[in-house]
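# Per-entry structural report
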Amino acid sequence: MFVAKNWKDYEVIDCSRGEKLERWGKYILCRPDPQVIWQSEKKNPLWKKLNGHYHRSKAGGGDWEFFSLPKQWQISYPLGENGEDRLNFHLKPFAFKHTGIFPEQAVNWEWFYRLIKKEKERREKSGDKSPIKVLNLFAYTGGATLAAAKAGAELTHVDASKGMVSWAKENAESSGLAGAPIRYLVDDCMKFVEREIRRGNLYDGIIMDPPSYGRGPKGEIWKIEDSIYPFLKLSEKILKKDALFFLLNSYTTGLQAGVMQYMLEELIGKGRNGKVSSDEIGLPVAENGLVLPCGCAARWEKAES
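The model shown is predicted, which means the values in this text are computed figures rather than measured ones.

Once that is clear, we can look at the overall build of the chain. Counting its regular elements, the chain contains six helices and 17 strands. The C-alpha atoms of the chain give a radius of gyration of 19 Å, which matches the 19 Å a tight globule of 305 residues would have. Dimensions of the chain, computed from C-alpha atoms along their principal axes, come out at roughly 55 × 40 × 35 Å. In the chain, which comprises 305 residues, the share counted as buried stands at 53%. Sequence separation of at least 24 residues holds for 62% of the intrachain contacts in the chain that already meet a minimum separation of 6. Total accessible area on the chain stands at roughly 14,500 Å², and carbon and sulfur atoms take up 50% of it. Across the chain, the 46 positively charged side chains and the 40 negatively charged ones have centroids separated by 2 Å.

The following block contains the structure:
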């Protein structure tokens, strides 16, 4: 399993009966998690000292209940081997239980951060001044964008939500990346890729973190089981033949790691010298030392020369 274990400002304290108890900085939240089907005893006293509790409705959706929680606060992630490249994130509770980042994705940030930094050093030594161009699709509030930018890449950040793109810019500014080469676009990801194909633009790396279901800015429908394979096929056309990496992430329980690996081997790996790996993504649980599954990721990376 790919485990995000380097957090300082975040942790899963415990999980039971469809809920997980989390610490976000100094605040304790309780949120629903469909993976938590076990019914262990909730012994940790922090279950009764919450700052916020998201209650899921039987009719769908749900509502937050607050017990002394600010409208917005900040946490940091120590990116890099020695935590030298700190990422700062603005958090706030909003619709459908979210806070503004998916902390399990830190394990993916670390992976492509190392790849980009190594390639950056290689190019500098060889006198190659070309930028490492990375495309982040379904980019949300920019965690992956910031990690790639800290490593030295030039980013194109695409998301259909204007609010999420604005939030990503705030996170970039807080992380010391206000002047970084990041292009922010509010756009439907599939239509953007189609235009990039026509333009002939190519990327060294592509990050893809699609939702299970969503709509584009003009009502375009995205359903991952129906859309992901043709979208990967399109995206391959804008990935350089000597590209550095490709990342596909999914929270959909029906899209297993092995299926994602097969797709990357079939669509991304053919004609390129590299390897594909895939696994579940998880977060350690402080109370019992187990790991909470939080989705799956498949990674293609260029073979070392």
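Pairing in this open sheet of five strands is mixed, and the strands run S2-S3-S4-S5-S6 from one edge to the other. Strands with a single pairing partner mark the edges of an open sheet, and in this sheet they are strand S2 (10-16) and strand S6 (62-66). Strand-to-strand twist in this sheet, taken as the mean axis angle between neighbours without regard to direction, amounts to 20°. Strand direction decides the pairing type here: strand S5 (residues 52-56) and S6, joined by five bridges, are antiparallel. When the bridges of S6 are listed, arginine 56 appears paired with glycine 62.

This brings us to the sheet that holds strand S1 (residues 2-3). Spatially, S1-S16-S17-S15-S12-S9-S10-S11 is the arrangement adopted by the eight strands of the open sheet, whose pairing is mixed. The open sheet has two free edges, formed respectively by S1 and strand S11 (182-186), since each of these has just one partner strand. Examined bridge by bridge, S1 and strand S16 (residues 274-284) share two bridges and lie parallel to one another. Its bridge partner being in S16, phenylalanine 2 is matched across the sheet by isoleucine 281. Set on the sheet, helix H2 (residues 143-151) makes contact with strand S9 (133-137), strand S10 (154-159), S11 and strand S12 (205-208); between it and S10 the angle comes to about 175°. The strands touched by helix H4 (residues 189-199) are S9, S10 and S11; relative to S9, the strand with the most contacts, the crossing angle is about 150°.

Here we take up helix H1 (residues 106-126). Here H1 is 21 residues long and its end C-alpha atoms lie 30 Å apart, about the 30 Å a rise of 1.5 Å per residue gives. Burial in H1 covers these residues: Ala106, Val107, Asn108, Trp109, Glu110, Trp111, Phe112, Tyr113, Leu115, Ile116, Glu119 and Arg123. Where H1 ends, the next residue or the one after it, glycine 127, has phi of about 80°, a positive value.

Take the packing of aromatic side chains next. Throughout the structure, instances matching the rule amount to 15 aromatic pairs. A centroid spacing of 5.4 Å and a plane angle of 75° characterise the contact between tyrosine 54 and tryptophan 64, whose relative ring orientation is edge-to-face. In this pair, tyrosine 54 is assigned in strand S5 and tryptophan 64 in strand S6, connecting sequence segments 10 residues apart. What makes tyrosine 54 buried here is its relative accessible area of 2%. Between the aromatic rings of phenylalanine 102 and tyrosine 140, the centroid separation amounts to 5.1 Å while the plane-to-plane angle is 35°, which identifies the pairing as tilted. Of this pair, phenylalanine 102 sits in the loop between strand S8 (85-91) and H1 while tyrosine 140 sits in the loop between S9 and H2; the two residues are 38 residues apart in sequence, bridging distant segments of the chain. Judged by its relative accessible area of 23%, phenylalanine 102 is partly exposed. Classification of tyrosine 140 by relative accessible area gives buried; the value is 17%. Among the aromatic residues, those joined into a ring-pair cluster are Trp7, Tyr10, Trp24, Tyr77, Phe89 and Trp109.

All right, on to the side chain of glutamate 104 then. For glutamate 104, the location among the structural elements is in the loop between S8 and H1. We note that glutamate 104 is buried and unpaired, the nearest opposite charge coming from lysine 20 at a distance of 5.7 Å. Look past the residues within four positions of glutamate 104 in its chain and what remains in contact with it is Ala4, Tyr251, Ile281, Leu283 and Cys294.

Split by domain assignment, the chain resolves into domain 1 (2-91) and domain 2 (103-302). Taking the mean C-alpha position of each, domain 1 and domain 2 sit 24 Å from one another. Each side of the interface is counted separately: domain 1 has 32 residues, and domain 2 has 34 residues. Summing both partners gives a buried area of about 2,800 Å² for domain 1 against domain 2, and 61% of it is carried by carbon and sulfur. Where domain 1 touches domain 2, the interface holds zero salt bridges. Between domain 1 and domain 2 we count 17 residue pairs in polar contact (both at pLDDT 80 or more) in total. Listed by contribution, the elements that provide at least two residues to the side of domain 1 that touches domain 2 are S1, S2, strand S3 (19-24), strand S7 (73-79) and S8.

The rules behind each value
Residues numbered from 1 in each chain as written. Predicted model: local features only at pLDDT ≥ 70, side-chain atom pairs only at ≥ 80, totals over all residues. Heavy atoms only, no water. Helix = DSSP H or I, 4+ residues; strand = E, 2+ residues; numbered from the N terminus. Rg over C-alpha atoms; globule rule 2.2 N^0.38 Å. Buried < 20%, exposed > 50% of the residue type's maximum accessible area, 1.4 Å probe, protein only. Contact = heavy atoms within 4.5 Å. Areas by Shrake-Rupley, 256 points an atom, 1.4 Å probe, with all protein chains shown as cover. Lys, Arg positive; Asp, Glu negative; His and termini not counted. Charge placed at Lys NZ, Arg CZ, Asp CG, Glu CD. Pairing = 2+ DSSP bridges. Axes fitted to C-alpha atoms, helices over the stretch in contact; angles between N-to-C directions. Expected span 1.5 Å × (residues − 1). Phe/Tyr/Trp six-rings, centres within 6.5 Å; stacked < 30°, edge-to-face > 60°. Salt bridge = Lys/Arg side-chain N within 4 Å of Asp/Glu carboxyl O. Domains from an automatic or database assignment. Buried area = accessible area lost by both parts, 1.4 Å probe. Polar contact = N/O pair within 3.5 Å; in protein donor to acceptor, adjacent residues only side chain to side chain.

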